[in-house]
Amino acid sequence: MVGFSQTGAESSWRVAHSKSIQEEADKRRLQLLFADGQNVHNNQVNAVNGFITKGVDIIVIAPQESLGWKPTLKEAKRAGIPVVLTSRGVDADEDLYETVLVADFVWEGRQAGDWLAKQTNGSARIIELVGTPAADVATMRKAGFAEAIAKHPDMKIIASQSGDFTRTKGKAVMETLLSAHKGEINAVYAHNDDMALGAIQAIEAAGLKPGKDILVVSIDAVKPAFEAMIEGKLNATVECNPMHGPLLFDTIEKIARGEKVPKRTIVPGKVLESDQAAALIGSRPY
């Protein structure tokens, strides 16, 4: 029996991530207890404590936040229940969990920054839409992007604000920032596609053309992002593959057999541009 604590369903990426894990559990005829944290850290902690009480065989956590997990992970260890992290890491001693399956978030941010530098000849005035501030993914995507644009003195982040990885908040934040920095902005970097799609709505509402007047680059590569690229509204997205199910359960089976697994497994991605979107969208599983 596997207990799975998911952050929520705040984005297309997250929905695909849940579906991949649920479908793989069904395929392998494994009982999966699924708990939707509704994007609240304490909900996730309570769910994991419940899994420990139930005596599940293994716990899988996709953490909303990286902090605040040590006491719960210590309880799981005391109970002899292995923990696997997926999609994000936590700020805790490595001996409290078996492994983390995660993308290279710093690399993703760096790729977005390098792409934007190339497109603007190293001169851009950027709005950055940040993910959930307490999540390691947001911190790392921010750091990678900052590292890339630091090589170009004429690339400046005019404003950086959290959109919590949601389309609704991404739109609201973008509306506010466009108004506050009218005429200054020629690029948007969003930590995920959903916030970028919200920003695109705000740009259009302001009478501007996303993808032309303001370049937009984001991360995840979900199908709605491909639709936006085909329409010329999103310029590029850096792939962050959410289909963790097969790798996750292969890893769980190794742990069950007593095999050693690496503490960190990187799920690879790539940069995808608007001129590739039409040819690729039909093959995208998410």
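Preceding this section is the structure that the text describes.
One structure accompanies this document, and this report is about it. (Residues numbered from 1 in each chain as written. Predicted model: local features only at pLDDT ≥ 70, side-chain atom pairs only at ≥ 80, totals over all residues. Heavy atoms only, no water.)

### Comments concerning the overall build of the chain
Here is step 1: Assigned secondary structure in the chain consists of 10 helices and 12 strands.
Here is step 2: Its C-alpha atoms put the chain at 60 × 35 × 30 Å along the principal axes.
Here is step 3: Counting every position in the chain, which comprises 286 residues, the buried fraction comes to 53%.
Here is step 4: Residue pairs in contact within the chain that sit at least 24 positions apart in sequence constitute 74% of those at least 6 positions apart.
Here is step 5: By element, 49% of the accessible surface of the chain is carried by carbon and sulfur atoms, the whole surface being about 12200 Å².
Here is step 6: Each charge class in the chain was averaged separately, 33 positive and 36 negative side chains, and the resulting centres sit 0 Å apart. (Helix = DSSP H or I, 4+ residues; strand = E, 2+ residues; numbered from the N terminus. Buried < 20%, exposed > 50% of the residue type's maximum accessible area, 1.4 Å probe, protein only. Contact = heavy atoms within 4.5 Å. Areas by Shrake-Rupley, 256 points an atom, 1.4 Å probe, with all protein chains shown as cover. Lys, Arg positive; Asp, Glu negative; His and termini not counted. Charge placed at Lys NZ, Arg CZ, Asp CG, Glu CD.)

### Focus: helix 8 (residues 223–230)
Here is step 1: Turning to helix 8, its buried residues are Ala225, Phe226, Ala228 and Met229. Down the axis of helix 8, the buried set is contained in an arc of 160°. They therefore lie on one face.
Here is step 2: Buried residues in helix 8 make contact with helix 7 (193–205), strand 10 (236–239), strand 12 (271–273) and helix 10 (274–280).
Here is step 3: Among the residues trailing helix 8, Gly232 stands out with phi positive, at a value near 80°. (Arc of directions from axis to C-beta.)

### Let's talk about empty space enclosed by the protein
Here is step 1: For the coordinates displayed, the defined rule picks out 1 cavity of 30 Å³ or more.
Here is step 2: The volume enclosed by the largest cavity comes to roughly 120 Å³.
Here is step 3: Forming the boundary of the largest cavity are 13 residues, of which Trp13, Arg14, Arg88, Arg141 and Asp220 lie nearest the centre.
Here is step 4: Within the residue set of the lining of the largest cavity, elements represented by two or more residues are helix 1 (12–27) and helix 5 (136–149).
Here is step 5: Classifying every residue of the lining of the largest cavity gives 5 nonpolar, 3 polar and 5 charged. (1 Å grid on protein atoms, 1.4 Å probe; cavity = no way out; pocket = protein on both sides within 12 Å on 5 of 7 lines; lining within 4 Å. Points joined across faces, edges and corners; volume = space filled by probe spheres on them. Nonpolar A, V, L, I, M, F, W, Y, C, P; charged D, E, K, R; others polar.)

### Considerations on the side chain of Arg141
Here is step 1: The topology assignment puts Arg141 in helix 5.
Here is step 2: A polar contact is formed between the side chain of Arg141 and the backbone oxygen of His191, at a distance of 2.6 Å.
Here is step 3: With residues up to four places along the chain from it excluded, the contact list for Arg141 reads Phe105, Glu108, Gly109, Phe165, Tyr189, His191, Asn192, Ile219, Asp220 and Cys240. (Polar contact = N/O pair within 3.5 Å; in protein donor to acceptor, adjacent residues only side chain to side chain.)

### Here we look at the packing of helix 7 against helix 8
Here is step 1: Their axes nearest at 9 Å, the elements helix 7 and helix 8 cross at an angle of 40°. With respect to helix 8, the element helix 7 is oriented oblique. The crossing of helix 7 and helix 8 is left-handed. Facing helix 7, whose interface residues are Asp193, Leu197 and Ile200, helix 8 presents Pro224, Ala225 and Ala228.
Here is step 2: Class assignment for the residues of the contact of helix 7 with helix 8 results in 5 nonpolar, no polar and 1 charged. (Axes fitted to C-alpha atoms, helices over the stretch in contact; angles between N-to-C directions. Parallel < 35°, antiparallel > 145°, perpendicular 65-115°, else oblique. Left-handed = near helix turned anticlockwise from the far one by under 90°.)

### Overview of the nonpolar core
Note that soluble globular proteins tend to have their nonpolar side chains buried in a common cluster.
Here is step 1: Of all hydrophobic cores here, the largest spans 77 residues; its most connected members are Ile59, Ile126 and Val188.
Here is step 2: Ranked by the residues each element gives to this core, the list is headed by helix 7, at 7 residues.
Here is step 3: Counting residues in each nonpolar core, the second largest holds 14 residues, with Val60, Leu101, Leu248 and Ile255 among its members. (Core = buried A, V, L, I, M, F, W, Y, C linked by side-chain atoms within 4.5 Å.)

### Quick look at helix 7
Here is step 1: Taking 1.5 Å of rise per residue, 13 residues should cover 18 Å, and helix 7 covers 18 Å from first to last C-alpha, within 8% of that figure.
Here is step 2: Burial runs high along helix 7: 10 of the 13 residues are buried.
Here is step 3: Every buried residue of helix 7 is listed here: Asp193, Asp194, Met195, Ala196, Leu197, Gly198, Ala199, Ile200, Ala202 and Ile203.
Here is step 4: Positioned one or two residues after helix 7, Gly207 has a phi angle of 85°, which is positive. (Expected span 1.5 Å × (residues − 1).)

### Some words on the packing of helix 4 (residues 105–119) against helix 5
Here is step 1: In the contact formed by helix 4 and helix 5, the axes pass within 6 Å of each other and the chain directions differ by 35°. The handedness of the crossing between helix 4 and helix 5 comes out as right-handed. Note on element contacts: helix 5 touches helix 4 through Asp136, Val137, Met140, Arg141, Gly144, Phe145, Glu147, Ala148 and Ile149, opposite Phe105, Val106, Glu108, Gly109, Arg110, Ala112, Gly113, Asp114 and Leu116.
Here is step 2: Looking at the contact of helix 4 with helix 5, its residues break down into 9 nonpolar, 3 polar and 6 charged.

### So, unusual backbone geometry
Here is step 1: Its identity is not glycine, yet Gln38 carries a phi of approximately 50°, on the positive side.
Here is step 2: With respect to the helices and strands, Gln38 occurs in the loop between strand 2 (32–36) and helix 2 (41–54).
Here is step 3: Residue classification places Gln38 among the exposed positions, given a relative accessible area of 59%.
Here is step 4: Look at Asn39: it is not a glycine, yet its phi comes out positive at around 60°.

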